[in-house]
Amino acid sequence: MLESASDSPATEALLLLSKAGNMTKEQILLLFEDEVPYSISEKAFKLAESRASGIPLQYITGKCYFYGLELSVEEGVFIPRVETEVLVDIALDIIGKNKLSTVLDIGTGSGAIALAIALNTNCKVYASDISKKALLTAMKNAADYAAKIEFFRGAFLTPVKHIINEIQLIVSNPPYIPVSSKLPKDVMHEPHEALFAGNDGLDFYRQIFSEPDLLKNKILIMEFSPDQKEEIQKICNYFGKISFFKDQFGKIRFFSLAVQ
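Source: prediction; values computed, not measured.

Side note on the environment of Glu230
Moving on, step 1. Residue position: Glu230 is located in helix H10 (residues 229–236).
Moving on, step 2. C-alpha of Glu230 to C-alpha of Val86: the two residues are 144 residues apart in sequence and 21 Å apart in space.

Some points on the packing of helix H1 (residues 9–21) against helix H3 (residues 38–52)
Moving on, step 1. Two numbers describe how H1 lies on H3: the axes approach to 8 Å, and their chain directions differ by 130°. Between H1 and H3, the crossing angle belongs to the class labelled oblique. For H1 against H3, the interelement crossing comes out right-handed. Facing Glu12, Leu16, Leu17, Lys19, Ala20 and Gly21 of H1, the residues of H3 in contact are Ile40, Lys43, Ala44, Leu47, Ala48 and Arg51.
Moving on, step 2. Each residue belonging to the contact of H1 with H3 can be placed in one class, and the counts come to seven nonpolar, one polar and four charged.

A look at the sheet that holds strand S4 (residues 124–129)
What links the strands of a sheet is backbone hydrogen bonding, and the strands pair in either a parallel or an antiparallel sense.
Moving on, step 1. Strand order across the open sheet formed by seven strands is S5-S4-S3-S6-S7-S9-S8, with mixed pairing between neighbours. Pairing within the sheet leaves two strands with one partner each, and these edge strands are strand S5 (149–153) and strand S8 (242–246). Averaged over all neighbouring strand pairs, the angle between strand axes comes to 20°, with direction disregarded.
Moving on, step 2. Of the strand pairs in this sheet, strand S6 (residues 169–172) and strand S7 (residues 218–223) are connected by four bridges, and their pairing is parallel. Across the sheet, residue Val171 finds its bridge partner in S7, namely Ile221.
Moving on, step 3. Of the strands in this sheet, strand S3 (102–106), S6, S7, S8 and strand S9 (252–259) are in contact with helix H5 (residues 85–98), which crosses S7 at around 165°.

What to know about the side chain of Lys218
Moving on, step 1. Mapping Lys218 onto the fold places it in strand S7.
Moving on, step 2. The side chain of Lys218 is buried and forms no salt bridge, while Glu166, the nearest opposite charge, is found at 9.5 Å.
Moving on, step 3. Side-chain polar atoms of Lys218 contact the backbone oxygen of Ile164, separated by 2.5 Å.

A word on the packing of H5 against helix H6 (residues 112–120)
Moving on, step 1. Axis separation between H5 and H6 bottoms out at 10 Å; the angle between their running directions is 40°. By the angle between their axes, H5 is oblique relative to H6. In this structure, the crossing between H5 and H6 has a hand that is right-handed. On the side of H5, the interface is formed by Leu87, Val88, Ala91, Leu92 and Ile95, while H6 contributes Ile113, Ala116, Ile117 and Asn120.
Moving on, step 2. When the residues that make up the contact of H5 with H6 are grouped by side-chain class, the tally is eight nonpolar, one polar and no charged.

Structural notes on H5
Moving on, step 1. For H5, with 14 residues, the first-to-last C-alpha span of 20 Å sits near the 20 Å given by 1.5 Å per residue.
Moving on, step 2. For H5, the full list of buried residues reads Val86, Leu87, Val88, Ile90, Ala91, Ile94 and Ile95.

Criteria and cut-off values
Residues numbered from 1 in each chain as written. Predicted model: local features only at pLDDT ≥ 70, side-chain atom pairs only at ≥ 80, totals over all residues. Heavy atoms only, no water. Helix = DSSP H or I, 4+ residues; strand = E, 2+ residues; numbered from the N terminus. Axes fitted to C-alpha atoms, helices over the stretch in contact; angles between N-to-C directions. Parallel < 35°, antiparallel > 145°, perpendicular 65-115°, else oblique. Left-handed = near helix turned anticlockwise from the far one by under 90°. Contact = heavy atoms within 4.5 Å. Nonpolar A, V, L, I, M, F, W, Y, C, P; charged D, E, K, R; others polar. Pairing = 2+ DSSP bridges. Buried < 20%, exposed > 50% of the residue type's maximum accessible area, 1.4 Å probe, protein only. Lys, Arg positive; Asp, Glu negative; His and termini not counted. Salt bridge = Lys/Arg side-chain N within 4 Å of Asp/Glu carboxyl O. Polar contact = N/O pair within 3.5 Å; in protein donor to acceptor, adjacent residues only side chain to side chain. Expected span 1.5 Å × (residues − 1).

Encoded structure:
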């Protein structure tokens, strides 16, 4: 089950007050014993009401944090989770061991995975998404860090078929939630196309493996729900040996597959 991307209540309160006062967290803490001006407290209460209504904290502050990066994010763009940082670790390890030079991030959202890889390797990085808003956000984040990432709009491998032969590694944190799942209120504010993938949550994987010729001689690293391991293995077994990896909480959440 996908969890919300939230901080502790105390941290959330500090971030909301920081947003209301247009100050850093550190500045707020330095003024901790001072009286809060009415204009700031009024804004903070309004922001708190928005948060209480279920709007994700990241949409209110306009910021999220991933792999040591501060990224812009807004409503309509998937909020990256800390678990997915392990996917980046796996990708960096495989890139180094196999001396890979080209990477594609499918369903890039805020650009978090693509940006983390681009800033930690010399790889040529491509990224795609079906959402125009997501791509605009990802482009802004890439520009903020002067990262060279080429973006494409479209679903699955469709927008990159013209360069598919040069891509060596495909990474993705795709939608994998069954449509009937009940998610936390704040998660439901995130784009549904980034969350849900059919009755069993496996539609993305079936689609990506439906064009095996496009995957030849590529390594895939993808995230999935821990309870989908058995079905993921069934889908992937035809294409080669699959390896599974745990997230930082000990749950099997990622696989890598070298397609021959």
